[in-house]
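Residues per chain are reported as follows:
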Amino acid sequence: RLDLDARTATSAGKAVKLTRLEFDLAAYLLRQRGRVLTRGTLLGAVWGASASGTRTVDKHVEAVRRKLPALAKRLETVVNIGYLLR
């Protein structure tokens with residue numbers, strides 16, 4: 001569960017510590033649920049102009065999956081494209 005106003009996350013009733021970018025990534029994925037998002041789209045939306053390299057996206061997705069298992073179950077990797085949250 002993400003509380004967008006308080007910028008907090010919980011999993012199985014316990015607080016989860018997310019970095020600013022991990023939280024922003026999870027929130028963006030939730031807002032775009034059902035859409036295939038390219039790594040470039042995620043990079044621009046979450047990191048903005050300061051970003052470089054799509055591996056950055058992959059590493060942060062990996063961290064979000066590890067910290068938020070319920071979200072991880074619904075987050076699919078679309079090979080050679082990006083990610084899809086169902």
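Notes on the structure follow.

Definitions and cut-offs
Residues numbered from 1 in each chain as written. Predicted model: local features only at pLDDT ≥ 70, side-chain atom pairs only at ≥ 80, totals over all residues. Heavy atoms only, no water. Pairing = 2+ DSSP bridges. Helix = DSSP H or I, 4+ residues; strand = E, 2+ residues; numbered from the N terminus. Axes fitted to C-alpha atoms, helices over the stretch in contact; angles between N-to-C directions. Contact = heavy atoms within 4.5 Å.

## Brief notes about the pairing of strand S6 (residues 82–85)
Okay, so step 1: As defined by bridge partners, strand S4 (residues 36–38) adjoins S6 across 3 bridges and the pair is classed as antiparallel. Bridging from a neighbouring strand, Thr38 pairs with Gly82 of S6.
Okay, so step 2: Judged from the 4 bridges that link them, strand S5 (residues 75–78) and S6 form a sheet pairing that is antiparallel. Following the sheet pairing, Glu76 is matched in S6 by Leu84.
Okay, so step 3: What sits between the antiparallel neighbours S5 and S6 is a turn of 3 residues, in which Asn80 has the positive phi angle 65°.

## Quick notes on the sheet that holds S5
Okay, so step 1: Pairing is antiparallel in the open sheet, where 3 strands are placed in the order S4-S6-S5. The two strands at the open ends of the sheet, each matched to only one other strand, are S4 and S5. Each neighbouring strand pair of the sheet contributes to a mean axis angle of 30°, computed without reference to strand direction.
Okay, so step 2: Seen against the sheet, helix H2 (residues 39–47) touches S4, S5 and S6 and runs at an angle of roughly 75° to S4.

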